[in-house]
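Summary of structural features
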Amino acid sequence: MTMNLGSNYTLPMTNSSATNLPLLNLKTAPQEALLLQQTPATGIVHIGLGNFHRAHLAVYTALAVQANGGDWGIFAYSMRSTATPDSMTAQDNLYSVVTISPDSDQIIIPAIHTKVLGGPERVGEVLREIAQSATKIITLTVTEAGYSISQETNGLDLGSPDIQWDLTHPATPKTAIGIIVRGLQLRAQSHKSPITVLSCDNLSSNGNRTAQLVGQFVAALPEFESQELDAYISTLVTFPNSMVDRIVPGTQPRHIEMVANRLGVHDQSPVPAEAFTMWVLEDNFAAGRPDWEINGAIFTKDVEGYEVMKLRLLNGAHSLLSYLGALAGEETIPGARFLPFVEQALQTILYKEFLPTFSLPIGVEADKYIAQLFSRWSNTVLGDLTSRVGSDGSTKLPQRITQPVLFHALNQEIPQYIALTIAAWLACIAPLAGFEPGKYADAMKDPAKEKLVGYAASSTSPSDFVRWVFTGAGIFAPELATLSEFHNQISIYLDLIMREGIEAASKYAHSLS
Ligand code: CS2
């Protein structure tokens, strides 16, 4: 599925270095690249102004409004960073999306944001915007790490200091769940209009999950607060499930240069993205929605089928690709994908370890879907980074591997390449004494890094470390804590990676598969 970007347009070619050019704004933006000549009034409040949002929801919404109108402008908030909001604000909220495929690229400017802001001190404005009756949808792209989930309880991490803060500071919440609840509380106290909360993150059953976390936050409030909120949320707020898909790397200087060369303007914050895009949603919107189907969004009751397929086949295999690649000295996903031993690992994990664990949605053919994944991972021009995909493994891997591992455990089997993925993740994030994972692994971030590195430093052996990761670290679900053979296999791989390298470890996994 590629993006329908309307008619082709010719853009000026210049060679100037980007910063000598006029800044992108409403006056300088080339008309042919602008999707909307006028930004509509706000209908959506978005939390998480990252590149993924800017190349996915923002583009679908701009195309929907371009085709059918509607007050669906986006007010977007970045919880921590002010960098992207500041760049966009200086550009009249504009930025360009650079769609990069191997044989062509295209640049559009969605012009759908009514306001962009960032940083904890601006959160009051976000709550007030959620409380506006014109706001019909709250959308979220805060990554797996942004939901304050405790793997131990499989629910809201009520012990986290930020959640504790949000429970007692209604005007200055710090977490995404806190912001949603405090915004809904303001609505409940005033007009009580219906609204939809739409998660656009890679979580299993992301709508149900968000509803569960919101419900647990509300239940932890004092009764005088929770009663009114509970009644409002259970009757007038919906949480549709959705599956989102588009590979969107971080912005690099070459993307700024591409925009300069094509559009003749300096965009401080363009977004690179692949041409493929997919969005599958439940049609359960309490107060209406944009016509996202204009750009191919699929509305269905079987979101879960698509979600499980994507979380395991694309995201699960993506994790393997990033850790094996980084350990093999590859900076980019395409670089990693073309290593013969990685290709063999991908084929095995996809066909033998993930595919048997779920049913494909009706109409999707495994071979075609997988062939398409390989071609998406081969996009050398897009050049997605192993360090991007490998970051935050402690919050991504539980979504991707838990059910498949349990599925194989029921058949007394160990999925060898899933075990290798976990060993490779640990080798990248928290290398044991004497092992150097290399600069691309060093560049990976992870919220559990400090904790993992601390334990790795005091571990007496790979098996001691791996056992703790599953029993004491609070990263994986308790159901995985008792799978000692699985843990042993991960330790064997970790030891092999350290002694003989990732390729040898992968060949061993192949011999056991
Ligand atoms: C990636 C995803 O970060 C990751 O781990 O697997 O960001 C992936 O690129 C997107 O989910 C694609 O839709």
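Residues numbered from 1 in each chain as written. Predicted model: local features only at pLDDT ≥ 70, side-chain atom pairs only at ≥ 80, totals over all residues. Heavy atoms only, no water.

**A look at helix 20 (residues 484-500)**
Owing to its 3.6 residues per turn, the α-helix aligns residues three or four sequence positions apart on the same side. Between its terminal C-alpha atoms helix 20 stretches 24 Å, which fits the 24 Å expected from 17 residues at 1.5 Å a residue. Residues F486, H487, Q489, I490, S491, Y493, L494, L496 and I497 constitute the buried set of helix 20. On its buried face, helix 20 is in contact with helix 10 (303-327), helix 15 (393-410), helix 16 (416-429), helix 19 (462-471) and helix 21 (502-512). In the segment just after helix 20, G501 is the residue with positive phi, at about 100°. (Helix = DSSP H or I, 4+ residues; strand = E, 2+ residues; numbered from the N terminus. Expected span 1.5 Å × (residues − 1). Buried < 20%, exposed > 50% of the residue type's maximum accessible area, 1.4 Å probe, protein only. Contact = heavy atoms within 4.5 Å.)

**Side note on the environment of E228**
By secondary structure assignment, the location of E228 is in helix 8 (residues 223-236). What makes E228 partly exposed here is its relative accessible area of 34%. Sequence separation between E228 and Y455 is 227 residues, and the spatial gap between their C-alpha atoms is 45 Å. Beyond its immediate stretch of four places on either side in the chain, E228 contacts A188, Q189 and K192.

**Focus: the packing of aromatic side chains**
The description of an aromatic ring pair uses the distance of the two centres, along with the angle that the planes make with each other. On inspection of all chains with the given rule, the structure shows eleven aromatic pairs. Relative to W279, the ring of Y60 lies with its centre 5.1 Å away and its plane at 65°, an arrangement referred to as edge-to-face. Taken together, the residues span a long stretch of sequence, with Y60 in helix 2 (residues 57-68) and W279 in strand 13 (residues 278-281) at a distance of 219 residues. Taken as a pair, Y60 and W279 share a single burial class, namely buried. Considering the side-chain rings of F470 and F476, the 4.6 Å spacing of their centres and the 15° angle between planes classify their relative orientation as stacked. The pair F470 / F476 is uniform in exposure class, with both members buried. Through a chain of ring-to-ring contacts, the aromatic side chains of Y60, W279, F285 and W292 assemble into a single cluster. (Phe/Tyr/Trp six-rings, centres within 6.5 Å; stacked < 30°, edge-to-face > 60°.)

**Here's the deal with the domain arrangement of the protein chain**
Domain parsing of the protein chain yields domain 1 (7-299) and domain 2 (303-512). One C-alpha centre belongs to domain 1, the other to domain 2; they are set 29 Å apart. Every contact between the two is made by 33 residues of domain 1 and, on the other side, 32 residues of domain 2. Counting the surface lost from both domain 1 and domain 2, the interface buries some 2,600 Å², and carbon and sulfur atoms represent 58% of this. Of all residues in domain 1, the largest losses of buried area upon contact with domain 2 belong to E144, Q151 and I247, amounting jointly to 23% of the total for that side. At the junction of domain 1 with domain 2, the criterion picks out three salt bridges. With its nearest N and O atoms 2.8 Å apart, the salt bridge here joins R376 to D245. Our count for the domain 1 to domain 2 interface comes out at ten residue pairs in polar contact (both at pLDDT 80 or more). Residue assignment for the side of domain 1 that touches domain 2 shows that the elements contributing at least two residues are strand 3 (97-101), strand 11 (242-245), strand 12 (271-273) and strand 13. (Domains from an automatic or database assignment. Buried area = accessible area lost by both parts, 1.4 Å probe. Salt bridge = Lys/Arg side-chain N within 4 Å of Asp/Glu carboxyl O. Polar contact = N/O pair within 3.5 Å; in protein donor to acceptor, adjacent residues only side chain to side chain.)

**Focus: empty space enclosed by the protein**
Using the criterion set out here, one finds two cavities of 30 Å³ or more in the structure. The calculated volume of the largest cavity comes to roughly 40 Å³. Around the largest cavity, the lining residues are I247, I333, P334, R376, W377, N379, L382 and D384. Looking at the lining of the largest cavity, the elements that each hand over two or more residues are helix 11 (333-337) and helix 13 (366-377). By residue class, the composition of the lining of the largest cavity is five nonpolar, one polar and two charged. Mapped by element, the contributors of at least two residues to the lining of the second largest cavity are strand 11 and helix 10. Class assignment of the residues belonging to the lining of the second largest cavity gives a composition of four nonpolar, two polar and three charged. (1 Å grid on protein atoms, 1.4 Å probe; cavity = no way out; pocket = protein on both sides within 12 Å on 5 of 7 lines; lining within 4 Å. Points joined across faces, edges and corners; volume = space filled by probe spheres on them. Nonpolar A, V, L, I, M, F, W, Y, C, P; charged D, E, K, R; others polar.)

**Points about the side chain of S491**
Checked against the element boundaries, S491 lands in helix 20. Once residues lying within four places of it in the same chain are set aside, the contact partners of S491 are P462, S463 and V466.

**Quick word on the layout of surface pockets**
Size it by volume and the second largest pocket reaches roughly 450 Å³. Forming the walls of the second largest pocket are 20 residues, and the residues nearest its centre are N154, S204, P398, Q399 and Q403. Contributions of two or more residues to the lining of the second largest pocket are made by helix 7 (206-219), helix 10 and helix 15. Broken down by element, the residue count for the lining of the second largest pocket peaks at five residues, all from helix 10. Across the lining of the second largest pocket, the residue classes tally to five nonpolar, nine polar and six charged.

**Considering unusual backbone geometry**
One non-glycine residue, N93, lies in positive phi territory at about 65°. Following the sequence through the fold, N93 ends up in the loop between helix 3 (83-89) and strand 3. Under the relative-accessibility criterion, N93 is labelled buried at 14%. Backbone geometry at T143 places phi at a positive 70°, although glycine is not the residue there. Mapped onto the secondary structure, T143 falls in the loop between strand 6 (137-140) and strand 7 (149-150).

**Focus: a nonpolar patch on the surface**
Together, I492, Y508 and L512 give the surface a local cluster of nonpolar side chains, amounting to about 240 Å² of exposed area. Overall, L512 belongs to the partly exposed group, its relative accessible area being 39%. (Patch = residues over 30% accessible without salt bridge, like charges linked within 9 Å, V, L, I, M, F, W, Y side chains within 5 Å. Areas by Shrake-Rupley, 256 points an atom, 1.4 Å probe, with all protein chains shown as cover.)

**A closer look at the pattern of salt bridges**
This model, assessed by the stated rule, comprises 16 salt bridges. A salt bridge links E225 to R182; the shortest N-O distance between them is 2.8 Å. Residue E225 is located in helix 8, and its partner R182 is located in helix 6 (residues 176-189); the two are separated by 43 residues in the primary sequence. With respect to class, E225 is no different from R182; both count as buried.

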